[in-house]
Amino acid sequence: MPTITLAPDIIQVQLPLPFALRSVNCYLLRDPDGWTIIDAGLHTPDGEAAWRSAFDKLDIKPRDIRRIVLTHFHPDHYGMAGWLQSISDAPVLISPRDAEQTREVWEIPEGSPDPTLAHFDSHGVPTELTGTIVGVVESLREATLPHPELSLIAAGEQIAMGGRAFTAIHAPGHSDGQLIFFAEKDSLMLCGDHVLMKITPHIGWWPNSEPNPLGRYMDSIQSLEPLPVRLALSGHRQQIDDWAGRLRELREHHEERLEAMEEAVGESATAYEVATRVFPVERYTPHEIRFAVAETIAHLELLVVRGSMRRAEGEVIRYLQSM
Ligand SMILES: [Zn+2]
């Protein structure tokens, strides 16, 4: 896996992922007294090997790692934080809300039901498929072990790394507590999965999500648009050179998708039914279907908030056109 210098004292390390996304971008920020790691990767043998080869290439010893900062709690970013902490003794920093989410999602006590099950059941996903989805989540949970001891960093706090003062900014939607980091000095943003090129960041409603993730995402990207970002380094794919332009595209994408979802509801439908009408789910793996359904719920719920849809609660939740 390559390491690429993208800005002075900022090196991107691409870590492998065993699914269609293929890789996650992590970053090494150099300071005279050591290195900061941004995002850790999913914990797999290939992931460990990729970190080891990056450390070898850059002549980084475990004790040179000063801290590990996580943009959010998803397994492809959080998964190897515990392992990195175990070799370096470095603190692992994450927002308070996403610290909570690591416990709610990755540390379900043995014998307790996985909330994924009830969530997808209640949105009309066929039982057999829900079972497979729970298995997928279970294997991701294993790829987050061992869990690190977490320290907290809140929005508004400043953090000095890579020779710059970065300000943490709350960027909700992809996860409730995602933080992105802006360095005014050279207009550089570490934007996690909040803004991506080529693919749209996943905005989904998961069992533990706070309400209306898509609404919070749309508000967030609108408020971030005026920021003078020259270069944004993201969690997947290539860097972003046209910040405002990409944010506008993402807003337009979701407005179009909201329209498509509204149409796909017909008179009434479950989120699963809508997902099968909007996405080519027959070509999807269970891992991808769960993203499609979570994304569909997020859109339908924003339509409910905007008043063009209603939600009918029953054993299975159905969405209906507002009268
Ligand atoms: Zn990611």
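What counts, and where the lines are drawn
Residues numbered from 1 in each chain as written. Predicted model: local features only at pLDDT ≥ 70, side-chain atom pairs only at ≥ 80, totals over all residues. Buried ≥ 20, exposed ≤ 12 C-beta atoms within 10 Å, placed from the backbone. Pairing = 2+ DSSP bridges. Helix = DSSP H or I, 4+ residues; strand = E, 2+ residues; numbered from the N terminus. Right-handed = clockwise from strand over helix to strand, strands pointing away. Contact = placed C-beta atoms within 7 Å.

What about unusual backbone geometry?
Logical step 1: Geometrically, the link from L145 to P146 is a cis peptide bond, its omega value of -10 degrees lying close to zero.
Logical step 2: Although it is not a glycine, D39 adopts a positive phi angle of roughly 65 degrees.
Logical step 3: Residue class for D39 comes out buried when judged on the 26 C-beta atoms lying within 10 Å of it.
Logical step 4: Of note in this structure, D89 is not a glycine but carries a positive phi near 65 degrees.

Here's the deal with the pairing of strand β12 (residues 231-234)
Logical step 1: When strand β11 (residues 188-192) meets β12, the two strands line up parallel, connected through four bridges. Across the sheet, L188 pairs through a bridge with L231, a residue of β12.
Logical step 2: Handedness of the crossover joining β11 and β12 through helix α7 (residues 213-224) is recorded here as right-handed.

Comments concerning the environment of N212
Logical step 1: Position of N212 relative to the elements: it lies in the loop between β11 and α7.
Logical step 2: Linking N212 and D98, residues 114 residues apart in sequence, is a C-alpha distance of 17 Å.
Logical step 3: Residue contacts for N212: discarding those within four places in its chain leaves E301, L302 and V305.

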